[in-house]
Amino acid sequence: MILRERAVVPSRGTVGVTGDETGEVIVEARELYKAYGTKVAVGGVSFGVRRGEIFGILGPNGAGKSTTLEILEGLRDPDRGVASVEGLEVWKNKRAVHARIGVQLQSTALFEELSIADNLRLLAALYRHPLPVGRLLADVNLADRADAPLGTLSGGQQQRLSLAAALVNDPVVVFLDEPTTGLDPQARRSLWALVRDLRGRGKTIVLTTHYMEEAEVLCDRVAIMAGGQIVALDTPAGLIARYGGGLTIRCDFSGPVEKYDLAALPGIGAVAGSDGVEGHYTFRVADLERGLIALLHSAERQGTPLTDLHVRQPGLEDVFLNLTGHTLRD
Ligand SMILES: Nc1ncnc2c1ncn2[C@@H]1O[C@H](COP(=O)(O)OP(=O)(O)OP(=O)(O)O)[C@@H](O)[C@H]1O
Ligand SMILES: [Mg+2]
């Protein structure tokens, strides 16, 4: 069988479109656009994923994450734009691309009544050079459950099995659509460890999530997606430094204090919020040490003791709020 492999421009090793791209770009989305009727699911999305990174697409329900992934996987054709994997335009080279990628869909269809090993054997039969089932099961820590019927697995075990299913063809790029949704924190962490192992073995991972923590601790770079657009793309630390809004101090005083007097203290910045209770405020911090000392002195001078004090580092939650005006859960 002759496989048509047409390289697209830019091809391997070139610079992607969004974000600070250094290193080889292995997956690229260029101006992807997809509408369902009048609903624009993906409205001009561009990014490049580097070889060997864990790249996350973070966004709320309906942001367009799955549609973007499905276009990159060759499961949907974009109305406009180009998706490529290892320099191959996906839609025009589906067979060649499918040999290089592993896909875990948001819900994986496997056979309930078959054992987990048999489920993997069935999938392996679809490929010319599958990995041995025993190795796949060992890689996702399921070797001891090989003969268990699928229906008896816990949620976390099922997700690990569907990860194994995505690895059957020993892919170069692994796409995971919300791999930890619905899992408890322990199962989530064990899946993160497996994803890091994959990166350690040189795989490139593209995943979607709506968990801030997952994006922050697991992903090397994160594209924040909302309303079919990528609104920011960087490392978690880069996003937080640029859009997080800086350190805040939340302080609760035992009685009324003039918040504008507090905001004028050295080291303290603007009032960032108030929970509506008299004497409870959140301030931005320009200089933590000076700010804390000034606050404590001020409380002492005014005879209004502090009853609570928190210093908070911003996270991706703050980034999302600052970029979109609402929280991810809204
Ligand atoms: N087959 C379809 N037909 C019509 N509309 C669709 C279809 N698939 C997705 N949509 C719409 O496109 C938008 C983006 O959907 P998509 O599934 O890509 O979002 P998502 O970010 O993956 O959301 P979730 O977090 O819920 O999985 C949504 O408004 C969705 O309702
Ligand atoms: Mg989805």
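This structure is a prediction, so every number in the text was calculated from the model and none was measured.

(A) Inspection of the sheet that holds strand β2 (residues 39-50) at higher detail. Sheet architecture is open: four strands sit in the order β2-β1-β4-β5, paired in antiparallel fashion. What marks the edges here is a single partner per strand, and that holds for β2 and β5 (88-89). Relative to β5, strand β4 (residues 80-85) runs antiparallel, the two sharing two bridges. Each bridged residue has a counterpart across the sheet, and for Val 85 the counterpart in β5 is Leu 88. Contacts from helix α1 (residues 65-72) reach β1 (25-36), β2 and β4 within the one sheet, and its direction differs from that of β1 by about 120°.

(B) How the structure looks around unusual backbone geometry. Of note, the phi angle at Glu 31 is positive, near 50°, even though the residue is not glycine. With respect to the secondary-structure elements, Glu 31 resides in strand β1. Residue classification places Glu 31 among the exposed positions, given a relative accessible area of 52%. Notably, Glu 86 is not glycine yet its phi reads approximately 50°, a positive angle. Among the secondary structure elements, Glu 86 is positioned in the loop between β4 and β5.

(C) Representation of the domain arrangement of the protein chain in the model. Domains assigned within the protein chain are domain 1 (25-241) and domain 2 (247-312). For domain 1 versus domain 2, the distance between C-alpha centres works out to 44 Å.

(D) Representation of the packing of aromatic side chains in the model. Applying the stated criterion to the full structure yields two aromatic pairs. Taking the centre distance of 5.0 Å and the plane angle of 20° together, the rings of Phe 47 and Phe 55 count as stacked. The exposure classification of Phe 47 matches that of Phe 55, with both residues buried. Measuring from centroid to centroid gives 6.0 Å for Tyr 281 and Phe 283, while their planes differ by 55°, and the two rings are tilted. The burial state of Tyr 281 is the same as that of Phe 283; both residues are buried.

(E) How the structure looks around the site of ligand 1. Residues in close proximity to ligand 1 total 13 residues, the closest being Gly 62, Gly 64, Lys 65, Ser 66 and Thr 67. The contact in question runs from an oxygen atom of ligand 1 to an N or O atom on the backbone of Ala 63, over 3.1 Å. Here an oxygen atom of ligand 1 sits 2.7 Å away from a polar atom, N or O, in the side chain of Lys 65. In isolation ligand 1 exposes 640 Å². Once the protein is present, 64% of that is buried. Elements with a contribution of two residues or more to the shell around ligand 1: β2 and α1. It is α1 that contributes the most residues to the shell around ligand 1, three residues altogether. Per-class residue counts for the shell around ligand 1 are four nonpolar, six polar and three charged.

(F) Summary view of the nonpolar core. Core analysis: the largest hydrophobic core is formed by 44 residues, its most contacted members being Leu 58, Leu 120, Leu 137, Ile 205, Leu 207 and Leu 316. Sorting elements by how many residues they give to this core places helix α5 (residues 155-167) first, with six residues. When residues no more than four places from it in sequence are discounted, the contact partners of Leu 207 are Ile 54, Phe 55, Gly 56, Ile 57, Leu 176, Pro 179, Val 195, Glu 214, Leu 218 and Cys 219.

(G) View of the sheet that holds strand β12 (residues 268-274). Strand order across the open sheet formed by four strands is β12-β13-β11-β14, with antiparallel pairing between neighbours. The outermost strands of the open sheet, each flanked by one partner alone, are β12 and β14 (306-312). Taken over all neighbouring pairs, the strand axes of this sheet differ in orientation by 25° on average, direction set aside. As defined by bridge partners, strand β11 (residues 248-253) adjoins strand β13 (residues 280-285) across five bridges and the pair is classed as antiparallel. When the sheet's bridge partners are listed, Thr 248 is paired in β13 with Arg 284.

(H) Geometry of the pattern of salt bridges. Counted according to the given criterion, the structure contains 19 salt bridges. Here Arg 51 makes a salt bridge to Glu 86, at a shortest N to O gap of 3.1 Å. Note that Arg 51 is positioned in the loop between β2 and β3 (54-58) and Glu 86 in the loop between β4 and β5, a separation of 35 residues in sequence. Given the relative accessible area of 34%, Arg 51 is considered partly exposed. On the accessibility criterion, Glu 86 (12% relative accessible area) is buried. In this structure, the salt-bridge partner of Asp 170 is Lys 203, at a minimum N-O distance of 2.6 Å. Taken as a pair, Asp 170 in the loop between α5 and β7 (173-177) and Lys 203 in the loop between α6 (185-200) and β8 (204-209) lie far apart in primary sequence, 33 residues in all. Of the residues examined, Lys 203 reaches a relative accessible area of 9% and is grouped as buried. Via salt bridges that share partners, Glu 24, Arg 51, Glu 86 and Arg 100 belong to a single interconnected network.

Conventions we followed
What you see as residue numbers is a count from 1 along each chain, following the sequence as written. Both sets of labels track the order of writing: A upward for chains, 1 upward for ligands. Under the rules for a predicted model, residues below a pLDDT of 70 receive no local features and side-chain atom pairs below 80 are neither given nor counted, while totals for whole chains, interfaces and linings still include all residues. To obtain the side-chain values, all non-hydrogen atoms of the structure were included, while hydrogens and water were left out. A pair of strands counts as paired when DSSP detects no fewer than two bridges linking them. A run of DSSP states H or I qualifies as a helix once it reaches four residues; a run of E qualifies as a strand once it reaches two. Both are numbered from the N-terminal end. Should any heavy atoms of two residues lie within 4.5 Å, those residues are considered in contact. To obtain each axis, a line is fitted to C-alpha atoms, and for helices this fit is confined to the stretch in contact; angles are then taken between N-to-C directions over 0 to 180 degrees. For every residue, the accessible area (1.4 Å probe, protein chains only) is compared with the maximum for its type, and the residue is labelled buried under 20%, exposed over 50%, or partly exposed between those bounds. The source of the domain bounds is an automatic or database domain assignment. Paired rings are identified among Phe, Tyr and Trp, the last through its six-membered ring, by centres lying within 6.5 Å, and are further divided according to the angle between planes into stacked (under 30 degrees), edge-to-face (over 60) and tilted (the rest). For this purpose, a residue is taken to be near a molecule or strand whenever a single non-hydrogen atom of the residue falls within 4 Å of it. Think of a polar contact as two N or O atoms within 3.5 Å of one another; within protein, one of them needs to be a possible hydrogen donor and the other a possible acceptor, and neighboring residues in sequence only count if both atoms come from side chains. Here, Shrake-Rupley sampling with a 1.4 Å probe gives the accessible areas, and only protein chains in the shown set may cover a residue. Residues are grouped as follows: Ala, Val, Leu, Ile, Met, Phe, Trp, Tyr, Cys and Pro are nonpolar; Asp, Glu, Lys and Arg are charged; all remaining types, including Gly, are polar. We call a set of buried residues a nonpolar core when its members are Ala, Val, Leu, Ile, Met, Phe, Trp, Tyr or Cys and they connect through side-chain atoms within 4.5 Å of each other. Should a side-chain nitrogen of Lys or Arg be within 4 Å of a carboxyl oxygen of Asp or Glu, the pair is scored as a salt bridge.

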